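Examining the three-dimensional arrangement
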Amino acid sequence: MKFLAPTQLLFAAVAEAAFTWQNVKIGGGGGFVPGIVFHPTATGVAYARTDIGGLYRLNSPDDSWIAITDGITDHDNWHNWGIDALALDPQNENMVYAAVGMYTNDWDPKPGSIIRSSDKGATWKTTNLPFKVGGNMPGRGMGERLAVDPANSEILYFGARSGNGLWKSTDGGATFSNVSSFTAVGTFIPDPKDVGGYNGDKQGLAFVTFDSTSGTTGGATKRIFVGTADNTTASVYVSEDAGSTWNPVTGQPGKYFPHKCVLQPEEKALYLTYSDGTGPYDGTLGGVYRYDIAAAIWKDITPVSGGDLYFGFGGLGVDMQKPGTIVVASLNSWWPDAQIFRSTDSGATWSKIWAWANYPDMSLYYGLTTSKAPWIKTGFIDTDTKDLGWMIEALAIDPLDSDHWLYSTGLTVFGGHDLTKWDSAHNVTIQSLADGIEEFSVQDLASPPGGSELLAAVGDDSGFTFKDVASLKTSPNTPWMNPIWSTSSSVDYAGASVENIVRVGNTAGSQQVAVSSDGGASWNIYSGADTNMNGGTVAYSANADTIVWSTSSNGVQRSQDTSSFTSVSSLPSGAVIASDKQNNTVFYAGSGATFYVSTDTGASFSTAGSLGSATAVRDIAAHPTEAGDVWVSTDAGIFHSTNYGSSFTQVSTSLNNTYQIALGRGSGSTWNVYAFGTGSAGAKLYASTDNGASWTDIQGSQGFGAIDSCKLAGSGNTAGQVYVGTNGRGVFYASGTIEKRSEGRSMAFNA
């Protein structure tokens, strides 16, 4: 092939389109929910916070959840999906507060905020903090770190991380200032050697709990308890004068980290769970304690001891209708399953939710169903011993309904409506009650024309196939299985044989390539894969006989006809790759400023046409039905070739700094182009119906988080429909007609 210089076309266009976005229904949650909070007096009002997927409000009539922070998570504010703390106003059921921010290290460039809503999350106001907040940092299941004074709605306290101490608002969350009299900052660091890394920061404060029975002084609750991430001498502090002075609570446990602290006002007692790790993945020892506030007496009420105690404690539910009734959960009991305990006598005695019968048989005192998300049973419960879950930090009993309880895991939210049967029949009904929570980290998307409507590779939960448009509204019966991996990092289809699908996973030590010949309904291990490669991206040749696999650690590899993978030496490690969807011999690649083409089914690659001023190839999309038609997304914008990459045209300068790009079926025989980039409406998702000459903002007010982490696929089957994969809010889709409002001049030139 002859490779020519690029042609650049200059356009100015302003356009808009109304697209209504909704989630593809994977269902079941899919990720970690560190906190669940019920309103103390309003029936059916509850919220769930996630670590990477924002805040949800309970829709009580059908046990579903509604996402309420999507409108504040655009590209510049992606970290608002990290929720480190949640608080409700006991005097106003419409008020909700949250501490937002994703990481306290340099992974997140911006300080955190306290957000507040007076309409249950329909709209938000933001108060910026002078430090970072860690919604996805270690210890995120502790809490709640944020609390509203039950006697004064103007007063809030927030326990910060990173040594920043305790902060207070006296104007309903509009401003915050440091409480200088509180000097404990929570000094524990998971790994002091990990300076600047994920485990290298001080965990900070763990919870703020008001004692509503203590009376008031100056219009504020007198007694306040604050927990810190310390495990040596003191980790629970108290103020008896509405926060003016603070002291360690006398007689407290001198070991372990406090995770949860809940007041039972009729008992005038605190219940606390402890673990020897800050969570959410660790914990090999721990305890449960009751603190009699009036008598100032601590009591160890840990449900088990000796060899039966091999876990810490996280989730804690206190029944406000039945004083002395509490439920606690193991934070992580990795084998054989989590354990949940219930006491009706303030922890003097306990009963378990399961017990050993004749080993290895277990007596289960519950029934568990996942009808709202069938894939949880087929993909996880039926294949693992951990039916009840792991990472159980959030557990709450509805304060107005002793039968209603919810607890969350690293996978879903479980719960039920017959909790008091534990005491009579010693058997309860547990269901997956995470309908509406879509906390999936999407790694890749594809929509083969004439094949399955959507293939979604996701983190932690393998991946999912949606065979047609109707199935987008129904939770799948199964995830990608046989093999099932924690994470599928990439998926692709054979363009001339669309029932043939390939995916790769990122689990080290096992074969991480699987293929399907029925559109992703069933899978088999690809025999050409060994156990030394994982992760990266994959491309499937048009006739499904060749796989090219790009990884960062093993470079670019190729396998043909199930042969062993061999290195493609002509490509740099981690190169962006794609296959021509109609010509079986052609693959494309990009790295840095260079575009490559292979005409021998990926065996070797040569430098192809120039991409102008681009210095970073970010994505490549081959036309689904036209051989040689290829689109390249770069830091300089989008380039298009109709001759197998021999020469390129920069389609427009009105959309630049682009990331994922995709083609999807348009009206008639046309194809729309979709891309994430920076255009007239900012860093958003845009669409073009005229081969990139003009671009329309189709994202609108919907938040997708950072555009450089989003995945993209245009529907190969449904005109005008497009899919967006997010890092924490699952897959969104919308369809509509893209109309150009006005168009400016155009000019072409050869470089």
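Reading the values: the criteria
Residues numbered from 1 in each chain as written. Predicted model: local features only at pLDDT ≥ 70, side-chain atom pairs only at ≥ 80, totals over all residues. Heavy atoms only, no water. pLDDT = per-residue confidence, 0-100. Contact = heavy atoms within 4.5 Å. Patch = residues over 30% accessible without salt bridge, like charges linked within 9 Å, V, L, I, M, F, W, Y side chains within 5 Å. Areas by Shrake-Rupley, 256 points an atom, 1.4 Å probe, with all protein chains shown as cover. Salt bridge = Lys/Arg side-chain N within 4 Å of Asp/Glu carboxyl O. Helix = DSSP H or I, 4+ residues; strand = E, 2+ residues; numbered from the N terminus. Buried < 20%, exposed > 50% of the residue type's maximum accessible area, 1.4 Å probe, protein only. Pairing = 2+ DSSP bridges. Axes fitted to C-alpha atoms, helices over the stretch in contact; angles between N-to-C directions. 1 Å grid on protein atoms, 1.4 Å probe; cavity = no way out; pocket = protein on both sides within 12 Å on 5 of 7 lines; lining within 4 Å. Points joined across faces, edges and corners; volume = space filled by probe spheres on them. Nonpolar A, V, L, I, M, F, W, Y, C, P; charged D, E, K, R; others polar. Core = buried A, V, L, I, M, F, W, Y, C linked by side-chain atoms within 4.5 Å. Phe/Tyr/Trp six-rings, centres within 6.5 Å; stacked < 30°, edge-to-face > 60°. Lys NZ or Arg CZ within 6 Å of the ring centre and 35° of its normal.

Side note on the confidence of the model for the protein
Residues at a pLDDT of 70 or more form 96% of the protein, whose mean pLDDT is 95. Scored below 50 in pLDDT, residues 1-14 makes 60 contacts in the model with residues more than four places away or belonging to other chains. Low pLDDT (under 50) marks residues 741-751, which in the prediction has 26 contacts with non-local residues, meaning those over four places away or in another chain.

Quick word on a nonpolar patch on the surface
On the surface, Trp335, Trp356 and Tyr359 cluster together into a nonpolar patch covering about 390 Å² of accessible area. Locating Trp335 in the fold gives a position in the loop between strand 26 (326-330) and strand 27 (340-343). Judged by its relative accessible area of 48%, Trp335 is partly exposed.

Re the sheet that holds strand 38 (residues 463-466)
Strands pair in a sheet through their backbones, by hydrogen bonds, and they do so in one of two ways: parallel or antiparallel. Taken in spatial order, the three strands of this open sheet run 36-37-38, and their pairing is antiparallel. For this open sheet the edge positions go to strand 36 (442-446) and strand 38, each flanked by a neighbour on one side alone. This sheet shows a mean twist of 15° between the axes of neighbouring strands, independent of strand direction. Both strand 37 (residues 454-458) and strand 38 contribute to a ladder of four bridges, which runs antiparallel. Within strand 38, the position partnered with Ala456 by the bridge is Phe464.

Comments concerning the layout of surface pockets
Each pocket or cavity is described by its volume, and for the largest pocket that value is around 1,000 Å³. In terms of lining residues, the largest pocket is bounded by 37 residues, among which Val37, Phe38, Pro40, Val262 and Met320 are the most central. If you list the elements that add at least two residues to the lining of the largest pocket, you get strand 3 (35-38), strand 7 (83-89), strand 11 (146-148), strand 15 (205-210), strand 21 (257-264), strand 25 (313-318) and strand 32 (395-397). Split by residue class, the lining of the largest pocket holds 28 nonpolar, six polar and three charged. Approximately 900 Å³ is the volume found for the second largest pocket. Around the second largest pocket, the lining is made up of 42 residues, and of these Asp444, Ile577, Asp619, Ile620 and Gln660 lie nearest the centre. Within the residue set of the lining of the second largest pocket, elements represented by two or more residues are strand 36, strand 39 (488-493), strand 43 (537-540), strand 47 (576-579), strand 51 (617-622), strand 55 (661-665) and strand 59 (711-714). For the lining of the second largest pocket, the residue count by class is 22 nonpolar, 13 polar and seven charged.

A short note on the pairing of strand 44 (residues 546-550)
Counting buried residues along strand 44, five of its five residues qualify, which places the element largely inside the surrounding structure. Here strand 44 shows two buried faces, one formed by Thr546, Val548 and Ser550 and the other by Ile547 and Trp549. As paired elements, strand 43 and strand 44 share four bridges and run antiparallel to each other. From the neighbouring strand, Tyr540 faces strand 44, where its bridge partner is Ile547. Taken together, strand 43 and the strand that follows it, strand 44, pair antiparallel across an intervening segment of five residues, in which Ala544 is found at a positive phi of about 70°. With five bridges connecting them, strand 44 and strand 45 (residues 556-560) associate as antiparallel partners. For Ile547, the partnering residue across the bridge sits in strand 45 and is Ser559. Taking the residues that link successive antiparallel strands as the turn, the strand 44-strand 45 hairpin has five residues, and the phi of Gly555 there is positive, at about 70°.

A word on the sheet that holds strand 43
Read across the open sheet, the four strands follow the order 43-44-45-46; overall the sheet is antiparallel. Here the strands that pair on one side only, and so sit at the sheet edges, are strand 43 and strand 46 (566-567).

With respect to the side chain of Glu438
Turning to its location among the elements, Glu438 is positioned in the loop between strand 35 (428-432) and strand 36. Excluding anything up to four places from it in sequence, Glu438 contacts Asn23, Val24, Lys25, Ile26, Gly27, Gly29, Tyr56, Gly728, Arg729 and Gly730.

Focus on the nonpolar core
Ile353, Trp375, Leu388, Trp405, Ile430 and Tyr723 are the most contacted members of the largest nonpolar core, which totals 43 residues. If we skip the residues at most four places from it in the chain, Leu388 touches Asp337, Ala338, Ile353, Trp354, Tyr366, Leu368, Tyr407, Thr409, Phe414 and Ile430. Residues Ala17, Leu685, Ala687 and Val722 belong to the second largest nonpolar core, which totals 19 residues.

Considering the pattern of salt bridges
Enumeration over the complete set of coordinates arrives at 16 salt bridges. With a shortest N-O distance of 3.0 Å, Asp51 and Arg140 are connected by a salt bridge. One end of the pair, Asp51, is in the loop between strand 4 (46-49) and strand 5 (55-59); the other, Arg140, is in the loop between strand 10 (125-128) and strand 11, with 89 residues separating them in the sequence. Each member of the pair Asp51 and Arg140 is classed as buried.

A word on the packing of aromatic side chains
All chains considered together, the criterion is met by 38 aromatic pairs. Between the aromatic rings of Tyr407 and Phe414, the centroid separation amounts to 5.6 Å while the plane-to-plane angle is 45°, which identifies the pairing as tilted. Both residues of the pair, Tyr407 and Phe414, count as buried. Joined through ring pairs, the aromatic side chains of Phe19, Trp21, Phe676, Phe704 and Phe732 make up one cluster. Note that Arg503 overlies the ring of Trp523, its terminal NZ or CZ placed 4.4 Å from the centroid. A cation over an aromatic ring shows up here: Lys581 above the ring of Tyr493, its NZ or CZ 4.3 Å from the ring centre.

Description of the pairing of strand 41 (residues 513-516)
Consecutive side chains of a regular strand alternate in pointing toward one face of the sheet and then the other. Here strand 41 shows two buried faces, one formed by Val513 and Val515 and the other by Ala514 and Ser516. Sheet topology note: the strand 40 (residues 501-505)/strand 41 ladder contains four bridges and is antiparallel. Looking at strand 41, one finds that Val504 is bridged to Val513. Here strand 41 pairs with strand 42 (residues 524-525) via two bridges, running antiparallel. Note on strand 42: the bridge partner recorded for Val515 is Asn524.

Overview of unusual backbone geometry
Note that the residue after Gly143, namely Glu144, is joined by a cis bond; omega there is 10°. By the secondary structure assignment, Glu144 is in the loop between strand 10 and strand 11. Looking along the chain, the bond that leaves Gly279 and enters Pro280 is cis, with omega of 5°. By the secondary structure assignment, Pro280 is in the loop between strand 22 (269-275) and strand 23 (286-292). One non-glycine residue, Ser162, adopts positive backbone phi at about 60°. With respect to the element layout, Ser162 can be found in the loop between strand 12 (156-159) and strand 13 (166-169). Here Ser162 falls in the partly exposed class, since its relative accessible area comes to 26%. Here Ser462, not a glycine, exhibits a phi torsion of approximately 75°, which is positive. Since its relative accessible area comes to 0%, Ser462 is described here as buried.

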